[in-house]
Amino acid sequence: MNYNATSGARHPAQKGSRKKRVSDTAAMNAPTYPPPYNPYASAMPGNMPPNMTMYDDRGAVPPPYTSNADYSHVHANAPPMDQGFSIPSQFLNEPLVANVAMQYGQALVGSGKQLVDRELEKYVPVSRLKYYFAVDTGYVTRKLGLLFFPFTHSDWSVKYEQDEPVQPRYEINAPDLYIPTMAYVTYVLVAGLVLGMQDRFSPEMLGIQASSALAWTVFEILVELITLYITNIQTNLKTLDLLAYGGYKYVGIIYAVLLSLVFHKTGYYIGLIYCSISLAFFLVRTLKVQILPVGSSPHHHDPYIHNSGNKRRLYILLFVAGIQPLLMWWLSFHLVSPPVPKS
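Presented here is an overview of the structure given in this document. (Residues numbered from 1 in each chain as written. Predicted model: local features only at pLDDT ≥ 70, side-chain atom pairs only at ≥ 80, totals over all residues. Heavy atoms only, no water.)

On to the pattern of salt bridges, then. Throughout the structure, instances matching the rule amount to 2 salt bridges. A salt bridge links Glu171 to Lys159, with the nearest nitrogen and oxygen atoms 3.3 Å apart. Remark: Lys159 occurs in the loop between α5 (137-148) and β1 (160-161) and Glu171 occurs in the loop between β2 (164-165) and α6 (178-197); sequence separation between them is 12 residues. Classification of Glu171 by relative accessible area gives buried; the value is 3%. Using a relative accessible area of 47% as the deciding quantity, one classes Lys159 as partly exposed. Note that Lys249 and Glu220 form a salt bridge whose closest N and O atoms lie 2.7 Å from each other. Here Lys249 is found in helix α9 (residues 249-290), whereas its partner Glu220 is found in helix α7 (residues 203-231), with 29 residues between them in sequence. When sorted by exposure, Lys249 lands in the same class as Glu220, which is buried. (Salt bridge = Lys/Arg side-chain N within 4 Å of Asp/Glu carboxyl O. Helix = DSSP H or I, 4+ residues; strand = E, 2+ residues; numbered from the N terminus. Buried < 20%, exposed > 50% of the residue type's maximum accessible area, 1.4 Å probe, protein only.)

Right under this line is the structure:
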């Protein structure tokens, strides 16, 4: 073994020379990996894109990130922001969904209408009222002629179809509420006209006329119903039938009051007497066929019950027919005879 005296000697560093950095070659050649991808970092202003490191290749800190850089590739595959709101509209635009929704809506409206009609039918017989207003111009003309000239009419029976009376437009003997309603309104208007011609008109007087006529009509119907109940007469008459027959008197009242405008009291009483007689005749002949015959009673073989039943029917017919002239006079005499001025 040779000994070299200078082999372990260290040369002093020369002045001005630069020290070299000694590093591990294995560490220098090791691969570098980017940081984990943060999906929320790119959506926040001022953050760095996921492919950038904290230091550049020179070891210096890069300048702050600005929003002028284009990072649209980060959201290239992201769904649009309004996609969640467009799905319902596209779903509703489908023909099948639209048809189902329309059918459901129609069924809901139909069930609601049936519920309202059923609840309303408990208090107001709407379906029954439609029968009394099923009239036309021809029926109204023929019915008014029958009210003024009932003496020439022969057939007073009411035709039935499937156990239901035929509508008034097809049967002149059937009761209706159209003529009584229009006659009541016309009576109030004619009363206002007459009061105005006599310098006695006022809005309060017009309301008094309307309410008074309505109150007397209700009172008349109640008295007739109570009489039928007390006398125990079996009849096919309904409350609306009595209301219709009692409302025909306003036709005669209008005729008598209009005659008074031309012929004064003489014309009024002539018209009132004639209309009273014609209406009473009309009611007797009409109501006679509406009362249940005695032959249908289980006791029709008993002569006593037979005679008493006929008397009760006769009394009710005379009562209904006889009360009409009194009500016609009571509701119209003050329109013809003005009050005597106080001295």
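With that settled, the discussion passes to the nonpolar core. Tyr187, Tyr248 and Phe282 are the most contacted members of the largest nonpolar core, which totals 44 residues. Those elements that place two or more of their residues in this core are α5, α6, α7, α8 (239-247), α9, α10 (303-330) and α11 (333-336). For this core, the element with the highest residue contribution is α9, accounting for 13 residues. Setting aside chain neighbours within four positions, we find Tyr248 in contact with Tyr139, Lys143, Leu147, Ala174, Pro175, Asp176, Ile179, Pro180, Leu279 and Phe282. Counting residues in each nonpolar core, the second largest holds 6 residues, with Tyr132, Leu177, Leu240 and Ala244 among its members. (Core = buried A, V, L, I, M, F, W, Y, C linked by side-chain atoms within 4.5 Å. Contact = heavy atoms within 4.5 Å.)

On to a nonpolar patch on the surface. Together, Phe149, Phe151, Tyr269, Ile273, Tyr274, Ile277, Trp329 and Trp330 line one region of the surface with nonpolar side chains, adding up to about 820 Å² of accessible area. Of all the elements in the fold, those that place two or more residues in the nonpolar patch are α9 and α10. Per-element tally for the nonpolar patch: the top contributor is α9, with 4 residues. Locating Trp329 in the fold gives a position in helix α10. (Patch = residues over 30% accessible without salt bridge, like charges linked within 9 Å, V, L, I, M, F, W, Y side chains within 5 Å. Areas by Shrake-Rupley, 256 points an atom, 1.4 Å probe, with all protein chains shown as cover.)

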